[in-house]
Structure formats: C-alpha cells, structure tokens
Amino acid sequence: MYRAATALVIVAALSFAVVAATRQEPVDKVVDSYPFARDTVIQLAKRRAGESHSPGRIDATSPLRQISYDQYRDIRNNPDAAIWRNDQVPVRLELLPAGFLFQTPVKVSIVEGGVARDLRPGPDTYLLGPSVQKALAGLTLPLSGFRLRGHINSRSVWDEFLVFQGASYFRAISKNNVYGLSARGLALKTASATGEEFPQFTHFWIERPSANAAGVVVHALLESASVTGAYRFAIVPGTETIMDVNVTLFPRVALDSVGIAPLTSMFFFDELTRSRVDDFRDEVHDSDGLQIVTDTGEQLWRPLANPTQLQVSSFTATAPRGFGLVQRSRRYTDYQDLEASYERRPSAWIEPIGAWGPGAVTLIEIPTDSETNDNIIAYWRPRDVIPAGKPWQISYRLRWNDRPRIMPALSRASVSRSGPSPDGKRRLFAIDFIGGVSSIQDLKLEAGTSAGKISNVNLQPNPSTRGVRATFELAPGDATIAELRVRLLRGNRPASETWLYRWTGT
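All values derive from a computational prediction rather than experimental measurement.

Parameters at a glance
All chains use their own residue numbering, which begins from 1 and follows the written sequence. Local features in this predicted model are restricted to residues of pLDDT 70 or higher, and side-chain atom pairs are both shown and tallied only at a pLDDT of 80 or more, whereas totals for entire chains, interfaces and linings draw on every residue. As a rule here, side-chain values come from all non-hydrogen atoms in the structure, and water together with hydrogens is ignored. Runs of E in the DSSP output that reach at least two residues are strands. Runs of H or I that reach at least four are helices, and both are numbered from the N terminus. Each radius of gyration is computed over the set of C-alpha atoms, and the globule rule expresses the reference value as 2.2 Å times the number of residues to the power 0.38. Buried residues are those whose accessible area, probed at 1.4 Å on protein chains only, stays under 20% of the maximum for their type, while exposed residues exceed 50% and partly exposed ones sit between those limits. Put simply, a nonpolar core is a bunch of buried Ala, Val, Leu, Ile, Met, Phe, Trp, Tyr and Cys residues held in one set by side-chain atoms that sit within 4.5 Å of each other. The distinction between a cavity and a pocket rests on a 1 Å grid over the protein atoms alone: a 1.4 Å probe fits inside a cavity but cannot get out, while a pocket stays open yet meets protein on both sides within 12 Å along at least five of seven lines, and a residue with an atom within 4 Å of a point counts as lining. Grid points are joined across faces, edges and corners, and a volume is the space filled by probe spheres set on the points. To pair, rings of Phe, Tyr and Trp, with the six-membered ring standing in for Trp, must have centres within 6.5 Å; the planes then decide the type, stacked if under 30 degrees apart, edge-to-face if over 60, and tilted in the middle. A residue's pLDDT is the predictor's confidence in that residue, given on a scale from 0 to 100. Contact between two residues is taken to exist if any of their heavy atoms lie within 4.5 Å; hydrogens are not considered.

J.: Is there a simple way to think about the overall build of the protein chain in this case?
T.: When its secondary structure is counted, the protein chain shows 4 helices and 34 strands. Relative to the globule expectation of 23 Å for 506 residues, the C-alpha radius of gyration of the protein chain, 24 Å, shows essentially globular dimensions. Judged by the C-alpha coordinates and their principal axes, the protein chain covers about 70 × 50 × 45 Å. Burial status across the protein chain gives 54% buried among its 506 residues.

The structure is reproduced here in structure tokens:
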C-alpha cells in the first residue's frame, strides 16, 4: 500500500517538470491502426475477462528496470514533440515513459475519424539528461501513461491539468491549483487482511478533439486478476475541471470488497492532532475532511485523522447525492509552507449519475509518520456482491475544484480543535462554524456521543471569523472510542452541516 502511495508522490514531483528545448521536428511512430467505436473498449474488456490474466512487466534486460528516482526525472518530455502541438485543438498530449516505480508498460492510442492508432515514442519524444543518456540513447522506451495540457490559467501557457500514470491512478487540477489528491479507476480489497489488489489501466485511447471543443474524451481498459473494465472519461478542464465517468466492469470472480469512484489523499496533521507532531508547520495535508450529502439531503463533515491504528468508517446506507475529499484550509498561513503550497491543493467531489442502489461511503485512514505517504482512501462500497460473469455498469461525475458547491449552503465547520479541559479530566472540543450564521440568536447546539458523556455545551459568537464557536467536553469513561456528532439548529431545522469525529483514546 505504501509503495503505491509513494509512487503517487513521485508522480506529483515529476508532473511539475518544465523543460526548455531547442526546436526539433518530432517523429511520432504509428505502429498500428484499426476501427474504433464507442463500444470498442467494452467489447475488448468483455473478451479479456474470459482470458487468463498475465500482467506485463518491463523486459528484465531493460535499463529502465534499474534506474533511480533521480535518473527517472532525467527523462524529460520534449515540449516540441507534444502530440497535437501544431493543431488547432484545446489540448496537447505528452507520453510518459516507463521505469523506476512504473514497471508495467501501457499502450496509448489516439482516435480520429473512427480510426485508432497506437503510438510509441520517437527518438525526439524525450530529452535525456546526462545520468541516462548513455543507457537509453537510441532505445524505444515503453510507456507508463500520459499527461494532458491546456489553457486553464492563461491563453498563452499550456498548463498540465491531467495525468494518468501508475495502476489505475489519475489526478487532475483546475484553475490556480497544484496537484494533490488522486482518483483511481477501482479499489479492490482495500484494508483487507488478504492484501489489496491493484487493477491497472493497460491501454488508453484519447479522442482528438475538434478545434472548438471544450474538452477531451479518454477511454481506458482496466485489468486485474479479479476483473476487467471499460472506462470512458469526458473531461472539461477550467475553473472547475469536470469528468463524466462511465464504467462497465466484467468481474472474473464475485467482487465482495470493491470501492467505486475511489479517492486517495494524504493527511498528516492539523489543529486537532497538532500536539502529536514535532513540525514547524501548523497543518500538513492534501485534504482535511470527508464531505457527504446523503440521499435525504443531510450535509456531513468528517475531519480526517492520522490514527495510531488503521481505521475504517462507513457512512450512509444508500447512495449519497455526493461525496468527496475536500481541502478547506485555503490560506498560506494555515500551513506556513513556502514550497508545498498545500493551500492550493484541489478537492475532489463525486456525484452519482443514475441509480447506484444501497451501499456505504467508506473512509479508510492509515497511520503514517510522513507526508510522503497517501494514507487516506474514500469510496462508495456497494452493499451487494457484484456477481461474476456478467457486465456491471455505473456512472458518475467527478469535479476537481477548490470546494464543492453544495445547495442549500449551510454553515460549515472551518476549523476543529481539541485539548484537555481546564481541570484535565475531560477532552475539550472547539468547532468554528462560518457562513450563514454570525450570531447565536435563535441557534441551538446539538451535541452527542456514542460513548461516555457530553457536558459544558456552549455556543458563542466568534468576531474574528464572523461566525460562531461551538464547544463541549467529552468524559469518555472507560471507552477508548467515541463517535461524536455536532450540529447547529434553528428551531427544528439544521443551520449547519453535521460535524462528525471519531475520538480515540490512543
């Protein structure tokens, strides 16, 4: 699990490389062409599901099997070799080489006029630095994925806004963001005692957009020992980058531990857990909470934790209206980190399309002692087993933005803090709510716990935030875990989202 998470961090570092190069005429090699229709990948996934699964690896004799992190970074894309660089289309495509942690080669194809053409890099696709020049010069490098560039911040700059690389991981940004959390095509057996299975995207097809297109369409074939899948991503980058995702799975075996629309992020510490970490910064995280709008419209906010033991939490019994991992702390002063720019990391929001049926939004929090590990996973888990031998379909919209636009917009928890009560016998919690409430008139604070006792419940205005602060104390007694629940009411109607938190005594 940690090896895969570390790979995501490396992907982020690689994705920011900007290369200056002299003008070269690229030679993109086309090795195959064939008809391509909307159901081509679905039919391919169906056929592959009936065949044995044999994951590919880079050839054992390839120097790419042995290169280091620094050497991998020394393989840089030549911007003058970008696909569609001379065309009047809204995106440019760059191919990413295999090597280092990315040991599974993939195919990348472009589709135009109903014809797909498989690509391989030419001799000028990459600029080889001195650490790899001798070993890789003259070789045709296998691919590990691709990135897309577009005009999301300026009409004069081709900004990277999307990368698919490593297993079924992908990440995107919107205007003024930098890379942070990732999404995945599928999660299997996550946090299972038998070990997690990582399906992989093995072939991508990118449709050439028209000159006036708002975005681009990407198709992908997913494969693993348990399942194959056909994915279609309709992507529109911009102030908010939106992906409409259509999924058709062909299970080889019954899937009883499956995560749909999985998101993966990093949470090291924030105000709630600051005392556990010796660090000059005030917060370190790519996301600071799980947000959910249930099927009844209740708005939930669960601050993330870096626990001392693995934690798995489930929310909802039926498909929600939406859920996502969100970055609410948006000021530099929240972090005091001049390099990481955590305040610019995107949020990711999932909206089901069509009927998803019964199931639970699931949150997995893994202990970590470093910000280099992605230790947070959130997804929707269907209640029923997905049976083998027949197709299973689902669709959703994935939004990458600063924060989800939720209607109606209730007061939200901006900061959560915790510490000992004045007498040291209880645990004090303080939650600042902002937006929609500036006084305590007609407001009531509702606070509850699954274990122990709540006392000293209080609500007062907070002039510094132009909101209100809710405080209460928890006496856990003999309990080592308590599920806390807080919200503001005006009459019998919610005035705020529902704040949830799992307190643990370790």
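This is not the end of the story, as more comes after the structure.
J.: Sorry if this is basic, but what is going on with the nonpolar core here?
T.: One broad trend across soluble globular proteins is that nonpolar side chains are buried collectively. Ranked by internal contacts, the top residues of the largest apolar core, which has 82 residues, are F204, Y231, F233, M243, W356 and L398. Core analysis: the second largest hydrophobic core is formed by 25 residues, A305, F429, V486 and W499 among them.

J.: I'm lost on empty space enclosed by the protein in this one. Help?
T.: The probe, sized like a water molecule, is rolled over the atoms to show the empty space still left. Evaluation of the coordinates by the stated rule reveals 2 cavities of 30 Å³ or more. One number sums up the size of the largest cavity: a volume of about 110 Å³. Along its surface, the largest cavity is lined by 13 residues, and D270, D288, S414, V415 and S416 are the ones closest to its centre. Within the residue set of the lining of the largest cavity, elements represented by two or more residues are β20 (299-303) and β27 (412-420).

J.: Sorry, what's going on with the packing of aromatic side chains here?
T.: Two descriptors summarise a pair of aromatic rings, namely the distance from one centre to the other and the angle between the planes of the rings. Across all of its chains, the model carries 23 aromatic pairs by this definition. Between F201 and F233, the aromatic rings sit 6.2 Å apart at their centres with planes inclined by 85°, giving edge-to-face as the arrangement. Of this pair, F201 sits in strand β12 (residues 200-207) while F233 sits in strand β14 (residues 227-236), placing them 32 residues apart in sequence. Take F201 and F233: they sit in the same class, and that class is buried. An angle of 15° between the planes, with centres 6.0 Å apart, marks the rings of Y231 and F233 as stacked. Residue classification places F233 among the buried residues on the basis of a relative accessible area of 0%. Taken together, the ring pairs connect F146, F164, F170, F201, F204, Y231 and F233 into an aromatic cluster.

J.: Explain the confidence of the model for the protein chain to me, please; I cannot follow it from the model alone.
T.: Caution is warranted with low-pLDDT regions, since their predicted coordinates should not be read in detail. Averaged over all residues, the pLDDT of the protein chain equals 92, while 94% of them reach at least 70. Per-residue pLDDT stays below 50 along residues 1-29; that stretch engages in 79 contacts with residues further than four places along the chain or on separate chains.

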